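Secondary and tertiary structure notes
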Amino acid sequence: CCYALKDVELGEYCTTIDRRCFSDCKALENIIIPENVTEICDAAFQNCSSLKTINIPESVESLGDHALYGRSSLRTLSIPVSISEVEDCLASNCVSLTRVNLHNGITSIGDGAFGNCSSLTTINIPSSCKNIGEQAFFNCARLGNIILPSGITVIKAGAFYQCSSIEHITIP
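Predicted model, so just to flag it, every value in this text is computed and none were measured.

Scoring rules and cut-offs
Residues numbered from 1 in each chain as written. Predicted model: local features only at pLDDT ≥ 70, side-chain atom pairs only at ≥ 80, totals over all residues. Heavy atoms only, no water. Helix = DSSP H or I, 4+ residues; strand = E, 2+ residues; numbered from the N terminus. Rg over C-alpha atoms; globule rule 2.2 N^0.38 Å. Buried < 20%, exposed > 50% of the residue type's maximum accessible area, 1.4 Å probe, protein only. Contact = heavy atoms within 4.5 Å. Core = buried A, V, L, I, M, F, W, Y, C linked by side-chain atoms within 4.5 Å. Salt bridge = Lys/Arg side-chain N within 4 Å of Asp/Glu carboxyl O. Pairing = 2+ DSSP bridges.

Considering the overall build of the chain
- The helix and strand inventory of the chain stands at 0 helices and 14 strands.
- When the helices and strands of the chain are placed in sequence order, the string is β-β-β-β-β-β-β-β-β-β-β-β-β-β.
- A globule of 172 residues ought to have a C-alpha radius of gyration of about 16 Å, and the chain, at 16 Å, matches this closely.
- Dimensions of the chain, computed from the C-alpha atoms along their principal axes, are close to 45 × 25 × 20 Å.
- Per-residue burial for the chain yields a buried fraction of 47% across its 172 residues.
- Within the chain, counting contacts between residues at least 6 apart in sequence, those at least 24 apart form 21% of the total.

Given below as C-alpha cells:
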C-alpha cells in the first residue's frame, strides 16, 4: 500500500476503480472521481481512515462489497441513483458515519451493509426497498426509530441486532 498518499485525481479515461485499489491508504484525504467512472469494485477504499468525504458520481452503477469498509472518518454517505442494491458490508465499520441517504430505487440492503456504524443516527429506508440483509445494521447503537416501507418482504436475522437506541420500529 501507499502509506503516504494524500490526494488522488483520477483522469477522464478511468472507468473502473479496481478491487483494493486504494485499500489501507490510511493517509488518503482527498479523491476526485470523474463522471466517467461506472464501477467501484470490492474493497476499493477499505480502511482509508483519513478520507472524510467521498463524492460518488451518478455515473457509478456498481459499488462492490466492502468498497467503503472501515473508513473511520466518513460522516455522511449518499448512494447515487444509478445504484439499485447496497452491497454486503458496503460501509460497515465506518464508526463516524452519522447519516446515510438512500434514494427511492434501492431494492435491497445487503448483509452487514452498515454493520458496526456505531454513530449512525439516521437512515431513510426508501419505499422501493424489498429486502434488508442479515445484520445490515448490526451494532448501530445510536440508530433511532425505524419506519420500514410497506413493500418490504424480507428482514433477515439480526438486521437490527444490538441497535440499543431503537425504541420503536414500524412495520406496515
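Past the structure itself, the notes keep going.
With respect to the nonpolar core
- Within the largest apolar cluster, 53 residues are counted, with the highest numbers of intra-cluster contacts made by Ile40, Phe45, Phe114 and Phe137.
- The residues contacting Ile40, other than those within four sequence positions of it, are Ile17, Ile33, Phe45, Ile56, Val60, Ser62, Leu63, Gly64 and Ala67.

Considering the pattern of salt bridges
- Enumeration according to the criterion identifies 2 salt bridges in this entry.
- Between Asp42 and Arg19 there is a salt bridge whose closest N-O contact spans 3.5 Å. Remark: Arg19 occurs in the loop between β2 (16-17) and β3 (30-32) and Asp42 occurs in the loop between β4 (39-40) and β5 (62-63); sequence separation between them is 23 residues.
- Salt-bridge contacts for Lys26 lead to Asp24; the nearest nitrogen and oxygen are separated by 3.8 Å.
- Residue classification places Lys26 among the partly exposed residues on the basis of a relative accessible area of 41%.
- Given the relative accessible area of 27%, Asp24 is considered partly exposed.

Thoughts on the sheet that holds strand β9 (residues 108-109)
- Reading across the sheet, the 4 strands line up as β7-β9-β11-β13 and stay open at both edges, with parallel pairing between neighbours. Pairing within the sheet leaves two strands with one partner each, and these edge strands are β7 (85-86) and β13 (154-155).
- Pairing geometry for β7 and β9, over 2 bridges, is parallel. Looking at the pairing, Glu85 lines up with Ser108 of β9.

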